[in-house]
Amino acid sequence: MAIIITDECINCGACEPECPNNAIYEASDEWKYGEGTDLTGLVVLPNGKQVDAAKEQEPISDEFYFIAPDKCTECIGFHEEPQCLSLIHISEPTRPLYI
């Protein structure tokens, strides 16, 4: 599961430092699976896709902050609830349809 930031986001950036998985990025930012994680080398994602943790990925949004869905764990293992939920305008947790 992953949280999705909607177009209601005001781009304040309050959510980014709260994410324990470093899964939240500013609009138009390229990102990496290994950034802010212990992932290195080739990684197999839950959907079976194999990716290089060090390879830059395309931004998911060029208009507002976005969450890399395969990095988001909804804070499971870190907190009792997703930390970004209390800070930003986002939808209910849902399965991402992209990436």
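As the structure is a prediction and not an experimental result, all values here were calculated from the model.

## Topic: the overall build of the chain
Step number 1: Looking only at helices and strands, the chain features zero helices and four strands.
Step number 2: Burial status across the chain gives 38% buried among its 99 residues.
Step number 3: A fraction of 71% describes how many contacts in the chain between residues 6 or more apart in sequence connect residues 24 or more apart.
Step number 4: Total accessible area on the chain stands at roughly 6,000 Å², and carbon and sulfur atoms take up 47% of it.

## Examining the packing of aromatic side chains
Step number 1: With the rule as written, the count across this model stands at three aromatic pairs.
Step number 2: Here the aromatic rings of Y25 and F66 are separated by 5.8 Å at their centres, their planes lie at 25°, and the arrangement is stacked. With a gap of 41 residues between them, Y25 in strand β1 (residues 24–25) and F66 in strand β4 (residues 66–67) connect regions that are remote in the sequence.
Step number 3: Ring centres of W31 and Y33 lie 4.7 Å apart, and the angle between their planes is 65°; this geometry places the pair in the edge-to-face category.

## Regarding the environment of Y65
Step number 1: The residue Y65 is located in the loop between β3 (50–52) and β4 in this model.
Step number 2: Along the chain, Y65 and I24 lie 41 residues apart, while their C-alpha atoms are 6.9 Å from each other.
Step number 3: Beyond its immediate sequence surroundings of up to four residues, Y65 is in contact with I5, C9, N11, G13, C15, E16, I24, Y25, E26 and A27.

## Examining the confidence of the model for the chain
Step number 1: On average, residues of the chain score 84 in pLDDT, and 87% of them are at 70 or above.
Step number 2: Within the chain, the element-level pLDDT minimum falls on β4, averaging 92, and the maximum on β3, averaging 96.
Step number 3: Across residues 93–99 the pLDDT falls below 50, and counting only partners more than four positions away or on other chains, this stretch makes 22 contacts in the model.

## What to know about unusual backbone geometry
Step number 1: In this model, N22 sits at a positive phi of 50°, which is unusual for a non-glycine residue.
Step number 2: Among the structural elements, N22 can be located in the segment before β1.
Step number 3: For N22, a relative accessible area of 23% translates into the label partly exposed.
Step number 4: One non-glycine residue with positive phi stands out, namely C75, at about 70°.
Step number 5: Structurally, C75 is set in the segment after β4.

Thresholds, definitions, all that
- Residues numbered from 1 in each chain as written.
- Predicted model: local features only at pLDDT ≥ 70, side-chain atom pairs only at ≥ 80, totals over all residues.
- Heavy atoms only, no water.
- Helix = DSSP H or I, 4+ residues; strand = E, 2+ residues; numbered from the N terminus.
- Buried < 20%, exposed > 50% of the residue type's maximum accessible area, 1.4 Å probe, protein only.
- Contact = heavy atoms within 4.5 Å.
- Areas by Shrake-Rupley, 256 points an atom, 1.4 Å probe, with all protein chains shown as cover.
- Phe/Tyr/Trp six-rings, centres within 6.5 Å; stacked < 30°, edge-to-face > 60°.
- pLDDT = per-residue confidence, 0-100.

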